[in-house]
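Residue-level listing of the chains:
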Amino acid sequence: MRGFIIKEFYHIFRDVRTMIILFGMPVVQVLLFGFALTNEIKDANIAVLDHSKDIVTTEIISKIVASDYFKLTENLENEAQIEAEFRKGKIKQVIVFEDNFAQKLEKDRNASIHIIGDASDPNTASILANYTAAIIKDYQAGILITQAPFPMMITPEPAMLFNQELKGVFMFVPGIITILLMLVCAMMTSISIAREKELGTMEVLLVSPLKPVQIIVGKVTPYIVLSVINAFSILLLGYFVFGVPIRGNIGLLLFETILFIVMALSMGILISTIARNQQIALMISLAGLMLPTILLSGFIFPVENMPIVLQWLSNIMPSKWFIIIIRSIMLKGSEINYIWKETLILLLMISIFIGLSIRNFKVRLE
Amino acid sequence: MTNDQHIISVENLVKKFGSFVANDNLTFFVKKGEIFGFLGANGAGKTTAIKILCGLWKPTSGSINVAGFDVYKQTEKIKKNIGYMSQKFSLYDDMTVAENFTFYGGIYGLKTIKIKERMHVLLKKLGLEEYKDRVIGSLPLGWKQKLAFSIATIHEPAIVFLDEPTSGVDPVTRRQFWDMIYEAAHEGTTVFLTTHYMDEAEYCERVSIMVDGHIEALDTPAALKEQFGVGTMEEVFLKIARKEVVIQDNNVTV
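Every residue gets a number counted from 1 within its own chain, in the order that chain's sequence is written. Whichever chain is written first is A, and whichever ligand is written first is 1; the rest continue in order. The predicted nature of this model means local features are confined to residues of pLDDT at least 70 and side-chain atom pairs, given and counted, to a pLDDT of 80 or more, with totals for whole chains, interfaces and linings taken over all residues.

## Remarks on the overall build of chain B
Then comes step 1: Secondary structure follows DSSP: runs of H or I at least 4 residues long count as helices, runs of E at least 2 residues long count as strands, and numbering of each begins at the N terminus. When helices and strands are tallied, chain B shows nine helices and ten strands.
Then comes step 2: The C-alpha extent of chain B, read off along each of the three principal axes, is 65 × 40 × 35 Å.
Then comes step 3: Burial in this document is a count-based property: other C-beta atoms within 10 Å of a residue's C-beta are tallied, and the residue is buried at 20 or more, exposed at 12 or fewer, or partly exposed in between, with C-beta positions derived from the backbone. Across the 254 residues that make up chain B, the buried fraction comes to 41%.
Then comes step 4: Contact definition: two residues whose C-beta atoms, as placed from backbone geometry, lie within 7 Å. Put simply, of all contacts in chain B between residues at least 6 apart along the chain, 69% involve residues at least 24 apart.

Right, dumping it as structure tokens:
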């Protein structure tokens, strides 16, 4: 058994390709995603269409401009100009105040501000809209305190052009961990088992006194070890380089990570019982695992925005549940009582995959 | 029932896959220290029979005994007492000669000292001692094949199963490989092999020829040639195969 694991490490450490995937990818991905996809936006160009031009609107505008996020570049005169300004491409957001703003606020206790974003870049648009809304809320809170007995309401209404109703925060570190564990565990194990089949060494191993379980455990143990190391180096990198918080319990995080690793491994084993050679194993892993993981797990595209069919499909993506788990632990500091459902789903998936693998394996031996 | 002289005894072995009968009532014995050739066209049922003898598959019925152990209940013991070499040589290309020895010795439960000792003996026999630390992938095919055979015998098994061990190897290497087989047999190891090359069948002490799931002929090469009145095993094989075709034709016309 020990010899088996040593042998497996030889395979890993002597193959340049494997080493690059195992250790190069995580670092490159984290740095790439980290630096290329920054959510922080500074000095975004905005325009204002102020129909009211009273004290309140001027105050709000100056408050917005005073923040680091926005730069007022244009004062528009009418609605028609909005679209034209957006088409020029310089302006990221337009803020529209309705006429008689201060008066309405005073009398009706309600006035609206229209925030129009350029959602051809949806993430930026949504973030800017949130910033603006926050600043307005802040201002509102300020007047609530001074004019106590009758609180007034200002209702910001963000509207996204070109892409309605978009949600989603980019949380790349949990996503990368998920993808990487999937890659390393499912793809690498399925390939390495398929390789033994292709080389004919699997036959020899099966004829040897080793039990099939020992062969499988021997094959996957090195990948478990490397995956845990990988996952935590990404966490550390995220923490120290990008300041991604880890608010939850590290022990729980480790437990869930290992759970997901086992899930990915059982998936890899299942693939290897189907695939005859490395090429097929690679194809199944890439097409069947990597793409859905990236696209359907909510890593890049929020699940809530997908058509119902895809939403339903995403439910059978183990990575979706793991991303939920790991995000809750890292960002919300959730304890097990908030994520037991997702954990249970992962456990269920593990047992299904292992069950299927055993069945496939038995069929082959019959 | 088992004779001391019979290291493999197979009686009425039947293996069915659904309605397909892969092995139809095989009965044969292999003597200790014998070189036994197991011949037959592709799909004749050779591989199925070997897998059953190696303890990988369970037979549908029949009583089979390998190295003194029952294939139904004692597969673990059978596995410890046999060596196996597939046509693909089954060594790890990215590991050195010594590492391959260590690994395979390890899975057969040999102690480190024992492995070193066996590796020394076996490599010396091959004259490849100085290549101990070379990666297998960098060695010529013929060497790999010899090393694979040595490694299949690292745990000194009673029987070695060789599944088309010489496919894709040049004639000189094949000749040298046969020298190794003879030597192993001489030392008391039983050699059970399948091959496509009919000239190799001549080297076996006894051969069985399988056609469509059953054994058509089983004897020494000399006796078979006499029985069919031909000069080579190639012709014996062709005659048996042709006879089968004639029978099938008759079935069609009747």
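From this point, things continue past the structure.
## Looking at the overall build of chain A
Then comes step 1: Helix and strand content of chain A: 14 helices and five strands.
Then comes step 2: The buried share among the 366 residues of chain A stands at 36%.
Then comes step 3: Partitioning the contacts of chain A with sequence separation of at least 6, the portion at a separation of at least 24 is 78%.

## Quick notes on the packing of helix α10 (residues 250–274) of chain A against helix α13 (residues 318–332) of chain A
Residue and element names in this part refer to chain A.
Then comes step 1: Relative to each other, α10 and α13 sit at 170°, their axes nearing to 10 Å. Viewed along their axes, α10 and α13 adopt a mutual orientation that is roughly antiparallel. Of α13, the residues touching α10 (which contributes Leu252, Leu253, Glu256, Phe260 and Met263) are Pro318, Phe322, Ile325, Ile326 and Ile329. Each axis is a line fitted through C-alpha atoms, and for a helix only the stretch in contact is used; angles between axes span 0 to 180 degrees, taken between their N-to-C directions. Should an angle fall under 35 degrees it is called roughly parallel, over 145 degrees roughly antiparallel, and 65 to 115 degrees roughly perpendicular, with every other angle called oblique.

## Looking at the sheet that holds strand β5 (residues 69–70) of chain B
Residue and element names in this part refer to chain B.
Then comes step 1: Two strands pair if DSSP finds at least two bridges between them. Taken together, four strands build an open sheet; the order of strands is β2-β1-β4-β5 and the sheet is antiparallel. Strands with a single pairing partner mark the edges of an open sheet, and in this sheet they are β2 (20–31) and β5.
Then comes step 2: With two bridges joining them, strand β4 (residues 61–66) and β5 adopt antiparallel strand pairing. Looking at β5, one finds that Asn65 is bridged to Asp70.

## A word on the interface of chain B and chain A
Then comes step 1: Listed by partner, the interface residues are 20 residues for chain B and 18 residues for chain A.
Then comes step 2: Here the side of chain B that touches chain A gets five residues from one element, more than from any other, and that element is helix α3 (residues 97–107) of chain B.
Then comes step 3: Note on residue categories: nonpolar means Ala, Val, Leu, Ile, Met, Phe, Trp, Tyr, Cys or Pro, charged means Asp, Glu, Lys or Arg, and polar means any other residue, Gly included. Of the residues belonging to the side of chain B that touches chain A, the class tally is nine nonpolar, five polar and six charged.

## Quick notes on the pairing of strand β8 (residues 190–194) of chain B
Side chains on a regular strand alternate between the two faces of the sheet.
All names here are of chain B.
Then comes step 1: In terms of residue burial, β8 counts as a mostly covered element, since five of its five residues are buried.
Then comes step 2: Neither face of β8 is exposed, since Thr190, Phe192 and Thr194 on one face and Val191 and Leu193 on the opposite face are all buried.
Then comes step 3: Across four bridges, the pairing between strand β3 (residues 35–40) and β8 is parallel. For Gly37, the partnering residue across the bridge sits in β8 and is Leu193.
Then comes step 4: Alignment of strand β7 (residues 159–163) against β8, held across five bridges, turns out to be parallel. The residue of β8 that forms the bridge with Leu162 is Leu193.
Then comes step 5: As for the winding sense of the linkage, the β-α-β connection from β7 through helix α6 (residues 171–186) to β8 is right-handed. Note on handedness: a clockwise path from strand one over the helix to strand two, with the strands aimed away from the viewer, defines a right-handed crossover.

## Some details on unusual backbone geometry
Then comes step 1: For Asn25 of chain B, which is not glycine, the phi torsion reads 55° and is therefore positive.
Then comes step 2: Summarising the element assignment, Asn25 of chain B is placed in strand β2.

## As for the domain arrangement of chain A
It is common to report an interface's size as the accessible area lost on association of the parts.
Then comes step 1: The assigned domain composition of chain A is domain 1 (2–37 + 169–365) and domain 2 (44–161).
Then comes step 2: When each unit is reduced to the centre of its C-alpha atoms, the spacing between domain 1 of chain A and domain 2 of chain A is 45 Å. Domain limits in this description derive from either an automatic procedure or a database domain assignment.

## Some words on the sheet that holds strand β6 (residues 82–85) of chain B
Residues and elements named next belong to chain B.
Then comes step 1: Read from one edge of the open sheet, six strands run β6-β7-β8-β3-β9-β10, paired in mixed fashion. Of all strands in the sheet, those bounded by a partner on one side alone are β6 and β10 (214–219). Across the sheet, the mean angle separating the axes of adjacent strands is 15° when strand polarity is ignored.
Then comes step 2: Those strands touched by α6 are β3, β7 and β8, and its axis lies near 145° from that of β8.

## As for helix α5 (residues 141–152) of chain B
All names here are of chain B.
Then comes step 1: Here, expected helix span is obtained from the residue count minus one, scaled by 1.5 Å. Relative to the 16 Å expected for twelve residues at 1.5 Å per residue, α5 spans 16 Å between its end C-alpha atoms, a close match to the ideal helical length.
Then comes step 2: Residues of α5 that are buried: Gln145, Lys146, Leu147, Ala148, Phe149, Ser150, Ile151 and Ala152.
Then comes step 3: Where α5 is buried, its residues touch β6, α3, α4 (112–126), β7 and α6.

## Here we look at the environment of Leu270 of chain A
Residues and elements named next belong to chain A.
Then comes step 1: Mapped onto the elements, Leu270 comes out in helix α10.
Then comes step 2: It is 12 Å that separates the C-alpha atoms of Leu270 and Gly288, two residues lying 18 residues apart in sequence.
Then comes step 3: Among all residues touching Leu270, those that are not within four sequence positions of it are Phe353, Leu356 and Ser357.

## Considering the packing of helix α9 (residues 212–242) of chain A against α10 of chain A
Residue and element names in this part refer to chain A.
Then comes step 1: Where α9 contacts α10, the two axes come as close as 10 Å, and the packing angle between them is 140°. Taken together, α9 and α10 sit at an angle that is classed as oblique. Of the two possible hands of crossing, α9 and α10 adopt the one that is right-handed. Taken together, the residues of α10 that come into contact with α9 (itself represented by Ile216, Val220, Tyr223, Ile224, Ser227, Val228 and Ala231) are Thr257, Ile258, Ile261, Leu265 and Ile269.
Then comes step 2: Of the residues assigned to the contact of α9 with α10, the class counts are ten nonpolar, two polar and no charged. Here is the rule for handedness: rotate from the far helix to the near one, and if that takes an anticlockwise turn smaller than a right angle the crossing is left-handed, while a clockwise turn gives right-handed.

## As for the nonpolar core
Then comes step 1: Working definition: the nonpolar core is a set of buried Ala, Val, Leu, Ile, Met, Phe, Trp, Tyr and Cys residues, joined through C-beta atoms within 7 Å. One finds Val66, Phe161, Val191 and Phe192 of chain B to be the most contacted residues of the largest nonpolar core, which totals 71 residues.
Then comes step 2: If we skip the residues at most four places from it in the chain, Phe192 of chain B touches Ile8, Val30, Phe36, Phe38, Ile159 and Phe161 of chain B.
Then comes step 3: One finds Leu22, Leu183, Met188 and Ile284 of chain A within the second-largest nonpolar core, a separate group that totals 50 residues.

## Some thoughts on the environment of Thr47 of chain B
Then comes step 1: Relative to the helices and strands, Thr47 of chain B resides in helix α1 (residues 46–53).
Then comes step 2: Separated by 69 residues in sequence, Thr47 of chain B and Lys116 of chain B have C-alpha atoms that sit 33 Å apart.

## Some thoughts on the confidence of the model for chain B
All names here are of chain B.
Then comes step 1: Every residue is assigned a pLDDT by the predictor, reflecting its confidence on a scale from 0 to 100. Confidence in the prediction for chain B averages 85 pLDDT; 93% of positions are at 70 or higher.
Then comes step 2: Looking at the elements of chain B, mean pLDDT is at its lowest for helix α9 (residues 233–253), recorded as 67, and at its highest for β8, recorded as 92.
Then comes step 3: Both scores are available for the predicted complex, with the pTM at 0.71 and the ipTM at 0.83.

## Some details on the confidence of the model for chain A
All names here are of chain A.
Then comes step 1: Of all residues in chain A, 87% attain a pLDDT of 70 or more, and the chain-wide mean is 78.
Then comes step 2: The secondary structure element of chain A with the lowest average pLDDT is strand β5 (residues 153–161), at 56, and the one with the highest is α10, at 88.
Then comes step 3: Contacts for the low-pLDDT stretch residues 160–170, under 50 throughout, to residues beyond four places or in other chains number 25 contacts.

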